[in-house]
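# Topology and contacts: notes
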Amino acid sequence: MTTSFPPGFRWGVATSAFQIEGAIRSDGRGPSIWDTFAAVPGAIAGGDTGEPAADHYHRWRADLALLGDLGVDSYRFSVSWPRIQPDGRRAERRGLDFYRRLVEALREQEIEPFLTLYHWDLPQALEDDGGWRSRDTASRFADYAALVHEELGDVVDHWTTLNEPYPCAVAGYGEGRHAPGAREGHGALAAAHHLLLGHGLAVRAMRSQALPRHQFGIVLNQSPAIPVTDSAADAAAAARQDTLLRRQFTDPLFGGRYAPGLAAMFDGVSDFSFRHDGDLQTIAAPLDYLGVNYYYRLHVADAPHREPDPAQRTVTDIGVDTTRLPDVPRTGMGWPVEPEGLIEALVGLHNRYPGLPPMYVTENGCVYADRSDLADYERISFLSEHIEAARTAAAAGVDLRGYFCWSLLDNFEWAHGYQHRFGLVHVDYATQQRTPRASYRWYRDFIAAQR
Ligand code: IFM
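Each chain carries its own residue numbering, running from 1 in the written order of its sequence. Note on the predicted model: pLDDT of at least 70 is required for a residue's local features to be given, and 80 or more for side-chain atom pairs to be given and counted; whole-chain, interface and lining totals, by contrast, use all residues. Computation of side-chain values: all heavy atoms of the structure, hydrogens and water removed.

### Here's the deal with the overall build of the protein chain
- Helices and strands together make up the secondary structure of the protein chain, namely 15 helices and 13 strands.
- For 451 residues, the compact-globule estimate of 2.2 N^0.38 gives 22 Å, and the C-alpha radius of gyration of the protein chain, at 21 Å, lies within 12% of that figure.
- Along the longest, intermediate and shortest principal axes, the C-alpha atoms of the protein chain span 55 × 50 × 45 Å.
- To sort residues, take the accessible area from a 1.4 Å probe on protein chains only and compare it with the maximum for the residue type: under 20% means buried, over 50% means exposed, and anything in between is partly exposed. When burial is assessed residue by residue, the protein chain has 61% of its 451 residues classed as buried.
- Taking all contacts inside the protein chain whose residues are at least 6 apart in sequence as the whole, residues at least 24 apart take part in 77%.
- Per-residue and other accessible areas follow the Shrake-Rupley method at a 1.4 Å probe size, with only the shown protein chains counted as cover for residues. With the model as given, the accessible surface of the protein chain reaches about 16300 Å², and the carbon-plus-sulfur share is 49%.
- Lys and Arg are tallied as positive, Asp and Glu as negative. Neither His nor the chain termini are counted. The location of each charge is read from NZ of Lys, CZ of Arg, CG of Asp or CD of Glu. Each charge class in the protein chain was averaged separately, 43 positive and 59 negative side chains, and the resulting centres sit 2 Å apart. Secondary structure elements are taken from DSSP: a helix is a run of H or I of four residues or more, a strand is a run of E of two residues or more, and numbering for both begins at the N terminus. Each radius of gyration is computed over the set of C-alpha atoms, and the globule rule expresses the reference value as 2.2 Å times the number of residues to the power 0.38. The contact criterion used throughout is that any non-hydrogen atoms of two residues lie within 4.5 Å.

### A few points about the sheet that holds strand β4 (residues 158–163)
- In short, DSSP must find at least two bridges between two strands for them to pair. One closed barrel accounts for eight strands, arranged β1-β2-β3-β4-β5-β7-β10-β11; its pairing is parallel. Adjacent strand axes in the sheet meet at a mean angle of 25°, parallel and antiparallel pairs treated alike.
- With three bridges connecting them, strand β10 (residues 359–363) and strand β11 (residues 400–406) associate as parallel partners. Residue M359 lies in a different strand from β11, and its bridge partner there is L400.
- Geometry is summarised by axes, namely lines fitted to C-alpha atoms with helices restricted to the contacting stretch, and by angles between N-to-C directions that run from 0 to 180 degrees. Where helix α13 (residues 340–352) meets the sheet, it contacts β7 (289–293), β10 and β11, and its direction lies at approximately 145° from that of β10.

### Quick notes on the site of the ligand
- If a single non-hydrogen atom of a residue is within 4 Å of a molecule or strand, that residue counts as near it. As a structural note, the neighbourhood of the ligand is formed by Q19, H119, W120, N163, E164, Y295, W335, E363, W406, E413, W414 and F422.
- Polar contacts, as counted here, are pairs of nitrogen or oxygen atoms within 3.5 Å of one another; within protein the pair requires one atom able to donate a hydrogen and one able to accept it, and residues that are adjacent in sequence qualify only if both atoms are side-chain atoms. Between the ligand and Q19 there is a distance of 2.7 Å, counted from an oxygen atom to a side-chain nitrogen or oxygen.
- Take W414: an N or O atom from its side chain is 2.8 Å from an oxygen atom of the ligand.
- In the complex, the protein chains occlude 95% of the 280 Å² of accessible area that the ligand would expose alone.
- Nonpolar residues are Ala, Val, Leu, Ile, Met, Phe, Trp, Tyr, Cys and Pro. Charged residues are Asp, Glu, Lys and Arg, and all others, Gly as well, are polar. Split by residue class, the shell around the ligand holds six nonpolar, three polar and three charged.

### Topic: the packing of α13 against helix α14 (residues 377–395)
- Two elements in contact, α13 and α14, have axes whose closest approach is 8 Å; the angle formed by their N-to-C orientations is 30°. As summarised for this structure, α13 and α14 are arranged roughly parallel, according to the angle between their axes. Both α13 and α14 take part in a crossing whose hand is right-handed. Between α13 and α14, the residues in contact are L342, I343, L346 and V347 and H386, A389, A390, T392 and A393, respectively.
- A class-by-class count of the residues in the contact of α13 with α14 yields seven nonpolar, two polar and no charged. Roughly parallel covers angles under 35 degrees, roughly antiparallel covers those over 145, roughly perpendicular covers 65 to 115, and oblique covers all other angles. With the far helix as reference, a near helix turned anticlockwise by less than a right angle produces a left-handed crossing, and one turned clockwise produces a right-handed crossing.

### Regarding the state of the cysteines
- Working definition: a disulfide is two cysteine sulfur atoms within 2.5 Å of each other. Tallied over the full model, the rule gives zero disulfides.
- The cysteine C405 is free of any disulfide, with C366 supplying the nearest cysteine sulfur at 7.8 Å.

### With respect to the confidence of the model for the protein chain
- Mean pLDDT over the protein chain works out to 93, with 93% of the residues at or above the 70 mark.
- The pLDDT score gives, residue by residue, the confidence of the prediction method on a 0 to 100 scale. Per-residue pLDDT stays below 50 along residues 307–317; that stretch engages in 23 contacts with residues further than four places along the chain or on separate chains.

### Some words on the environment of Q85
- Within the element layout of this structure, Q85 appears in the loop between α4 (81–84) and α5 (93–108).
- For Q85, a relative accessible area of 5% puts it in the buried group.
- Taking the C-alpha atoms as reference points, Q85 and I33, 52 residues apart in sequence, are found 14 Å from one another.
- A distance of 3.1 Å separates a polar side-chain atom of Q85 from the backbone oxygen of R89.

### Concerning the nonpolar core
- Among buried residues, the Ala, Val, Leu, Ile, Met, Phe, Trp, Tyr and Cys ones that are joined through side-chain atoms within 4.5 Å form a nonpolar core. Grouped together as the largest cluster of nonpolar side chains are 125 residues, with contacts concentrated most on V13, W34, Y118 and Y443.
- When residues of this core are assigned to their parent elements, the largest contribution, 10 residues, is made by helix α9 (residues 187–207).
- In this structure Y443 touches W11, G12, V13, L70, V72, I387, Y403, C405 and L424, once residues within four positions along its chain are discounted.
- Counting 10 residues, the second largest nonpolar core, distinct from the first, contains A14, Y289, M333 and V367.

### With respect to helix α7 (residues 135–152)
- A helix's residues, less one, multiplied by 1.5 Å, set its expected span. Spanning 18 residues, α7 covers 27 Å between terminal C-alpha atoms, matching the ideal 26 Å at 1.5 Å per step.
- Restricting attention to buried positions, one finds in α7 the residues T137, A138, R140, F141, A142, Y144, A145, A146, L147, V148, H149 and L152.
- Its side-chain oxygen placed 3.1 Å from the backbone nitrogen of D136, S134 serves as the N-cap of α7.

Structure below.
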């Protein structure tokens, strides 16, 4: 592999609060939408919940030792909103203190903290008031962001507002596959807008009290959509898929406009009155970085348009069939292994949006087996090929500043529960023993070779 990355390129790993912390009732934490969703029979595979996860809330010092041995210079993690504001409003000192201890210890190890404010764990109290359907949730998010930023701004420089608003909105409020489990079809569009508005309001609030060294960004999942044939119908279906998953977010953030075609995809059933004058300016305020999470491309075929069921409209009413995958290698999730998709994602963004801020690959990783596999050579191949793709994109002119592997530890994989293991480090959930996999040692040696 070619080993030249731009000077100062960051090497890291990523996690998120709900997926690793456990301790869902400790130190005043309030319930989140994922706690509520996990209690719904059948919502999560195996009936799994946010307990025990990797019990990181109690074992974080051991996990920081793993980071130190791995040799990463950066660590991307998220703050649990319901630890900080258990009811979405009142501040909980014990939650703030937990993250201060964590960040100060990272700094002692000379590991740069990349803090994400929202990785899907909305306080249930705010969902009870409408959740991301409600404009007020955007303001609540800005208040929360300002609070965390005020508390930790002396020790954290990299501030990410949202992780992947697409699944929050579409899987959460459109399809019901994720918390809060709402199947409201085009209602997902209002959720997506309010997430973006919350992002913009949060950046504005944090910038008003920021130090010059502070950087603000957002993380988006990017799955380029590829038509399965060269027919005009499949090409149009792929374009619709791209609009829904990517341009719904990137056009307002970096193009200063709402994605054209979004309304048409919903055949006039959608009401855009949730967009207010001035929102676009708030959302499109300049950022210091964009994080890209890349796992796979989507292979898209046109499908017959179904009339929306007024009681239960789902986003599949747009007539896109993503199930006809070509014959390519797949991961244990069934996701096609196509590192070239990472190049397409990064170069595509770079070309589409002049003035785009620098980018990081903020997540990339895989699962291959649901057994406890420590000799995970397939993961090593996957990571190696994707890192090479990142290098190719940087060589092609993309301003790429770093790469974060998903994930440090095995963790709670949302609706899949604990059956899928993304960790460089294996976690025995019964004993909480951590065992580094072959991929951990490979990544450690790879990072060392970059220095
Ligand atoms: O585990 C998730 C993460 O929370 C968000 N990005 C995708 C990962 C793998 O599915």
